[in-house]
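Reading the structure
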Amino acid sequence: MTEQLEHEPAAAAGLFGERIGIARAFAHNLADQGEIRGLIGPLELPRLWSRHILNCAIVAPLLRPGVVGDVGSGAGLPGLVLAIARPDVSFVLIEPMERRVAWLNDQVDELGLENTTVLRARAEDVRLEQPLDQVTARAVSAFRTLIPLTAPLLRPGGEMVLMKGAGAQAEVDSAAKAIRKYRLSNVEVITLGEGVLDEVTRVIRATVD
């Protein structure tokens, strides 16, 4: 399967720095096993770097040292990618499906990601000893649906960093009720990767008061 893998874009080395070797290993593993294990579709290999891996890596500078939860980690996008890019941050990958949890654990071990743990659970069922400093998610559900799933996981002053598509602002506009209910502030849409990536990445960032 790896012969179909997209050639590594020039931006990758700059985004991952000295960790680029680990990112390449993850890309190879996902290309080799992703379709077989039901993690990615057959059409994703020719754009695996640009549409998926770098799309996640560009978010890394928004994270702060602390504990970050990734809700619905799936193939490890963005959780494993961010854990590779930010070894100074601790990650909890939250995923309910057993076969995906098995993949995530395999990759944590194989890639030597000592800053990462995997938790098999639905977000609404998670009970953490300590609340999270930040939480992220990609391609999980609409913002108004994500708010009640992620806000309870965060400490006061904790932050959502949620990856979204072109309709990010419309999702914010339609989530006004949930924003008020869960006491979110500083809600904004950030566009990342202009001039760096072929496709920009949009993030909804919000603070839980």
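Conventions we followed
Residues numbered from 1 in each chain as written. Predicted model: local features only at pLDDT ≥ 70, side-chain atom pairs only at ≥ 80, totals over all residues. Heavy atoms only, no water. Pairing = 2+ DSSP bridges. Helix = DSSP H or I, 4+ residues; strand = E, 2+ residues; numbered from the N terminus. Axes fitted to C-alpha atoms, helices over the stretch in contact; angles between N-to-C directions. Contact = heavy atoms within 4.5 Å. Parallel < 35°, antiparallel > 145°, perpendicular 65-115°, else oblique. Left-handed = near helix turned anticlockwise from the far one by under 90°. Salt bridge = Lys/Arg side-chain N within 4 Å of Asp/Glu carboxyl O. Buried < 20%, exposed > 50% of the residue type's maximum accessible area, 1.4 Å probe, protein only.

So, about the sheet that holds strand S2 (residues 90–95). Spatial ordering of the open sheet is given by S3-S2-S1-S4-S5-S7-S6, a layout of seven strands whose pairing is mixed. Either end of the sheet is taken by a strand with one partner, and the two such strands are strand S3 (116–120) and strand S6 (184–192). Between one strand and the next, the sheet's axes are offset by a mean angle of 20°, whatever the strand orientation. Along the sheet, helix H5 (residues 98–111) makes contact with S2 and S3, crossing S3 at roughly 165°. In the packing of helix H6 (residues 143–150) onto the sheet, contacts are made with strand S1 (67–71), strand S4 (132–138), strand S5 (154–164), S6 and strand S7 (201–208), and the angle to S5 comes to roughly 145°.

Orientation of helix H2 (residues 20–33) relative to helix H3 (residues 48–57), taken along the N-to-C sense of each, is 125°, at an axis distance of 12 Å. As the angle between them shows, H2 and H3 are arranged oblique. Considering the relative orientation of H2 and H3, their crossing is right-handed. Of the residues in H3, those in contact with Ile20, Ala23, Arg24, Phe26, Ala27, Leu30 and Ala31 of H2 are Leu48, Trp49 and Ile53.

If the charged atoms of two oppositely charged side chains come close together, the side chains can form a pair. As enumerated under the stated definition, the model contains 13 salt bridges in all. The partner of Glu188 in a salt bridge is Arg205, and the shortest N-O contact between them spans 2.8 Å. Placement of the pair is Glu188 in strand S6 and Arg205 in strand S7, with a sequence separation of 17 residues. Residue class for Glu188 comes out partly exposed when judged on its relative accessible area of 33%.

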